[in-house]
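What follows is the residue order along each chain.
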Amino acid sequence: ASVVAGYLERRTYITELQRYETTLRALGDPVYALDASGRFTFVNDALLEQTGYDRDELLGSHADRVMTEAGVRRGRAVIRQLLTSDRQSAKWDLEIETADGELIPAENHLALLPFDEPGFRGTAGVLRDVTERIEREQELSRRKDMLVRTERMADVGGWELDTETEDVYWSEGTREILEVPYGYEPTPESVFEFYHPEDHETVRTAVRRCREAGEPFDIECRGITPEGRERPVQIRGERVTAEGSPTLRGTVQDVTELHENQRQLSVLNRVLRHNLRNNLNVVTANAEFLRENLERLHSATDGSDPTPREALEQFPFENMFDMVDQLDTKAWELLAIADKSRELAGAVGQTESAETADIESVVSDLVEEYRAEYTDATISLETISATVNANPETVYLALEEVLENAVQHTGPEPTVEIRITRPDKSRIEVEIADDGPGIPDIERRTLEADTETDLR
């Protein structure tokens, strides 16, 4: 009876093992078992299909036949950790190398084989192809990087308000605009600390209407950083339904540059109109004077008073030549004003550029050009090697304006000194000094005040 009972128990055990083995072979994920030396003792059909090997090729061979050197090394470290801890299983990412040399990213779920007696018996594992997961993660990372770069280039950020949980989310672009550290999480109460007190009611009203009635909003207010810096920001928002829950989403955009460009274009427009008006007044006055004298000369040819001889004697030829010269000069000045205004308008309207401008090269080229054009001028240059993130053409135009002013308005033999320095690691300074009278006080006061009236 004892022998029969042992036999039956053994048969049951074998049957159960066969059932388990059949199940493992039928699994869709690759399954394997390794002995204590790291050699295959079992592989299922899915592993053979994925790697392209035959069962006879893998059984008895080392794990490095299908696992890369880095994967084997990582596996040994994981096994050592399991042997010195209470855990029996772990998982990590590795690459499977097929018979054709193709590398497949996989996740290895590894467990220690049961201990019947002291000592390490080996491991069993399940390999899961994570190619799709890796591709999704890479695509998500690419999209996130694109979003961060887009926000940075456009000075714009995103925000979201969950109307059920009252959770507020800010994108990295919003954090940069409001100058808070990475990972800062706002609350519905702390949000208003970043806006001017006089604008709180405007923001609250817009958010409430969007929340209750679904009215999208587009408002402008004054943003305030934790350091107290104030800047104009434009806030847009709309109500959307995400997973059955109404949510408010929108953008925050720093419009400081837009305001500055609008102000500069307004000034440019007034200056242009002022200069055009002055020159055209000279042109129209001289044209009227020429017309009157030519009409008087023409009327003398039909026998009226005065006679042609008297009309010629009275005709102001010398004045006429001066007036023609003035007309010619003013015409060229008008063309120059038109060209200059086009250049300035292009510079003002140009957005921030990610190009690299070599300041030393830009200034050196400019100095050589003006030395060749103004041979009576003495232009000295003291420079350092320096580059900045800026548009080279805009930098050139700005420096050209100052240098042109120095050589044209400082006397017959101007002396100009140019010096490039680095006051600190984040700042490059270009100083252009001349021996002329300088900017008139009235213009200097207007420039320093940063505002102007129509008269100025």
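The preceding data block contains the structure.
These notes cover the structure that comes with them.

Attention now goes to the sheet that holds strand β3 (residues 89–97). Ordered by their spatial adjacency, 5 strands build an open sheet running β2-β1-β5-β4-β3, and the pairing between neighbours is antiparallel. The sheet is open, and its two edges are formed by β2 (40–43) and β3, each paired on a single side. Shown here is a sheet whose adjacent strand axes are inclined to one another by a mean of 25°, direction ignored. As judged from the 5 bridges shared by strand β1 (residues 31–35) and strand β5 (residues 122–129), these two strands associate in the antiparallel manner. Its bridge partner being in β5, Tyr32 is matched across the sheet by Gly125. Strand contacts of helix α4 (residues 69–83): β3, β4 (103–112) and β5, with the helix running at about 170° to β3, the strand carrying the most contacts.

Each strand in a sheet pairs with another by means of backbone hydrogen bonds, the pair being arranged parallel or else antiparallel. One open sheet holds the 3 strands; their spatial order is β12-β14-β15, and the pairing between them is mixed. The sheet is open, and its two edges are formed by β12 (378–382) and β15 (427–434), each paired on a single side. Looking at each pair of strands side by side, their axes are set apart by 15° on average, direction ignored. Where strand β14 (residues 415–424) and β15 come together, 7 bridges link them in antiparallel fashion. Bridge assignment links Ile420 to a residue of β15, and that residue is Val430.

So, how was this worked out
Residues numbered from 1 in each chain as written. Predicted model: local features only at pLDDT ≥ 70, side-chain atom pairs only at ≥ 80, totals over all residues. Heavy atoms only, no water. Pairing = 2+ DSSP bridges. Helix = DSSP H or I, 4+ residues; strand = E, 2+ residues; numbered from the N terminus. Axes fitted to C-alpha atoms, helices over the stretch in contact; angles between N-to-C directions. Contact = heavy atoms within 4.5 Å.

On their own, these measurements won't tell you what the molecule is for.
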